[in-house]
Amino acid sequence: MATLELSIQDEASAPVRRGRRLGLLFWFASAWLAIVLTFAILAPVLPLQNPVDMDMLERRAAFSGEHWLGTDGLGRDEFARLIFGARVSLTVGLIAPMIGLALGGALGLLAGYFRGRFETLVVGSMDVLLAFPPLIFALAVTAYLGQSIPNLTLILGVLGIPAFMRVARAATLTLARREFVIAAEALGASHARILLRELLPNVILPLLAFFLLGVAVTIVVEGALSFLGLGVPPPMASWGSMIGEGRDSLDVAPRLAFLPATALLLTVLAFNLVGDTLRALTDPRQGAL
């Protein structure tokens, strides 16, 4: 009876212990991401000025009631461009890793389970893709297809496939010979059932944790490409392009570069904190006896 009571108490206190393990930084990071995502989603319906309307008489205007964060070098409202820039950066940053998660995760799951020649082919093709310079790949695709959000998302999604494949393959290799998989094989389960019912639920957890880290990396890469002029086409705003435009005004209005850079820094840091925390919680080695 005492053992049963202790077991019930342990189960009741488990959520509390997990909450404590998350820490304040996790909740601050989650709150920041919730705020940024809310503003980005609701940007078209918020009472914001048009982010592409120019007023050359109000170039680099200071903070005011009409322009909360001032205006940029072309007289465009900086706050509106920051919000719509978040919309672009987060769109690319979230969708591109989804491509890597879907394709890379599927390839890694299959390669780790079937092994043999198929694994050699998948790993070899991913090594070739990793060896190809990503900047040259981005330049080639952009030059051929043109600058747009879908093209940029496709480029970054393809570049993320090898990383997700390796994570999925490593997780599958550790699970493919576990007792529950061997038992399913002994009971005559098909390969599809084992992959979908036994392996995928266990592999998806580290993949989702890695996905958040991939979002952070993708946002940084998108910002770098936009800074170099390879991202979204003007006058559309993204944080990277705003930093690039603000570098011409560093001597007279440094805020034009520092405001989007700060937003980029805080968002990437928040995704990294949340991703690291979830990765630690889903790492099977953390609970190993």
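Because the structure is predicted, anything quoted here is derived from the model rather than measured.

Caption draft 1: Representation of the overall build of the protein chain in the model. Regarding its fold elements, the protein chain presents ten helices and zero strands. Helices and strands appear in the protein chain in the N-to-C order α-α-α-α-α-α-α-α-α-α. Across the 289 residues in the protein chain, those meeting the buried criterion constitute 39%. Sequence-distant contacts, at least 24 apart, represent 73% of the contacts inside the protein chain between residues at least 6 apart. Element-wise, carbon and sulfur atoms account for 69% of the exposed surface of the protein chain, whose accessible area totals about 16,000 Å².

Caption draft 2: A look at helix H6 (residues 161-175). End to end, H6 covers 21 Å across 15 residues, agreeing with the expected 21 Å (1.5 Å per residue, within 8%). Taken residue by residue, H6 has Ile161, Pro162, Phe164, Met165, Ala168, Ala171, Thr172 and Leu175 as its buried positions. Buried residues along H6 sit in contact with helix H2 (78-114), helix H3 (116-131), helix H5 (149-159), helix H7 (179-186) and helix H8 (191-227).

Caption draft 3: Region of the structure containing the UniProt feature "transmembrane region" (unreviewed entry) in the protein chain. Mapped onto this structure's residue numbering, the UniProt feature "transmembrane region" (unreviewed entry) falls at residues 24-46, 94-114, 121-145, 151-168, 203-232 and 252-275. Segment residues 24-46 splits into 83% helix and 0% strand. End C-alpha atoms: 30 Å apart. Secondary structure content for residues 94-114 is 100% helix and 0% strand, while the C-alpha to C-alpha distance between its ends is 30 Å.

Caption draft 4: Focus on a nonpolar patch on the surface. A surface patch of nonpolar side chains, about 350 Å² in accessible area, is lined by Leu135, Leu139, Phe227 and Leu228. For Leu139, the position within the fold is in helix H4 (residues 134-145). Residue Leu139 is classed as partly exposed on the basis of its relative accessible area, which comes to 40%.

Caption draft 5: Geometry of the pattern of salt bridges. One pass over the structure, following the stated rule, counts eight salt bridges. The shortest N-O distance in the salt bridge between Glu245 and Arg76 comes to 3.4 Å. Residue Glu245 is located in helix H9 (residues 239-246), and its partner Arg76 is located in the loop between helix H1 (2-42) and H2; the two are separated by 169 residues in the primary sequence. A residue is classified by how much of its surface remains accessible, and Arg76, at 5% relative accessible area, is buried. Between Arg178 and Glu179 there is a salt bridge, with its nearest N and O atoms 3.8 Å apart. Look at the salt bridges and you will find they share partners, linking Asp72, Arg76, Arg81 and Glu245 into a network.

Caption draft 6: Geometry of the side chain of Ser89. Relative to the helices and strands, Ser89 is located in helix H2. Among the polar contacts made by the side chain of Ser89, one reaches the main-chain amide nitrogen of Trp239 at a distance of 3.4 Å.

Caption draft 7: Up close: the confidence of the model for the protein chain. This prediction gives the protein chain a mean pLDDT of 82; 90% of its residues lie at or above 70. Least confident of the elements in the protein chain is H1, whose mean pLDDT is 67; most confident is H2, at 91. Ignoring residues within four places in sequence, the model shows residues 1-20, a span with pLDDT below 50, making two contacts including any to other chains.

Caption draft 8: Molecular detail of the nonpolar core. Counting residues in hydrophobic clusters, the biggest one holds 42 residues, and the most contacted among them are Leu199, Val203, Ile219, Trp239 and Phe271. Contributions of two or more residues to this core are made by H1, H2, H6, H7, H8, H9 and helix H10 (255-282). If one sorts the elements of this core by residue count, H8 sits on top with ten residues. The contact partners of Trp239, leaving out residues within four places of it in the chain, are Val36, Leu82, Gly85, Ala86, Ser89, Pro260, Ala263, Leu264 and Thr267. Of all hydrophobic cores here, the second largest spans nine residues; its members include Ala96, Val141, Leu156 and Leu225.

Caption draft 9: Region of the structure containing the side chain of Arg81. By the secondary structure assignment, Arg81 is in helix H2. In terms of polar contacts, Arg81 uses its side chain to reach the backbone carbonyl oxygen of Pro51, at 3.0 Å.

Caption draft 10: Main features of H3. Over its 16 residues, H3 extends 23 Å from the first C-alpha to the last, a length consistent with the 22 Å expected when each residue adds 1.5 Å. Listed as buried for H3 are Glu119, Val122 and Met126. Buried residues in H3, looked at end-on, bunch into an arc of 70°, giving them a common side. Looking at H3, the residues exposed on the side facing more than 90 degrees away from the buried face are Arg117, Thr120, Leu121, Val128 and Ala131.

Caption draft 11: Summary view of the environment of Phe258. One can find Phe258 in helix H10. Looking at Phe258, the relative accessible area reads 53%, which means it is exposed. On a C-alpha basis, the gap between Phe258 and Gly246 in space is 8.1 Å, while along the polypeptide they are twelve residues apart.

How each quantity is defined
Residues numbered from 1 in each chain as written. Predicted model: local features only at pLDDT ≥ 70, side-chain atom pairs only at ≥ 80, totals over all residues. Heavy atoms only, no water. Helix = DSSP H or I, 4+ residues; strand = E, 2+ residues; numbered from the N terminus. Buried < 20%, exposed > 50% of the residue type's maximum accessible area, 1.4 Å probe, protein only. Contact = heavy atoms within 4.5 Å. Areas by Shrake-Rupley, 256 points an atom, 1.4 Å probe, with all protein chains shown as cover. Expected span 1.5 Å × (residues − 1). UniProt positions renumbered as here; feature names shortened; annotations may be inferred. Patch = residues over 30% accessible without salt bridge, like charges linked within 9 Å, V, L, I, M, F, W, Y side chains within 5 Å. Salt bridge = Lys/Arg side-chain N within 4 Å of Asp/Glu carboxyl O. Polar contact = N/O pair within 3.5 Å; in protein donor to acceptor, adjacent residues only side chain to side chain. pLDDT = per-residue confidence, 0-100. Core = buried A, V, L, I, M, F, W, Y, C linked by side-chain atoms within 4.5 Å. Arc of directions from axis to C-beta.

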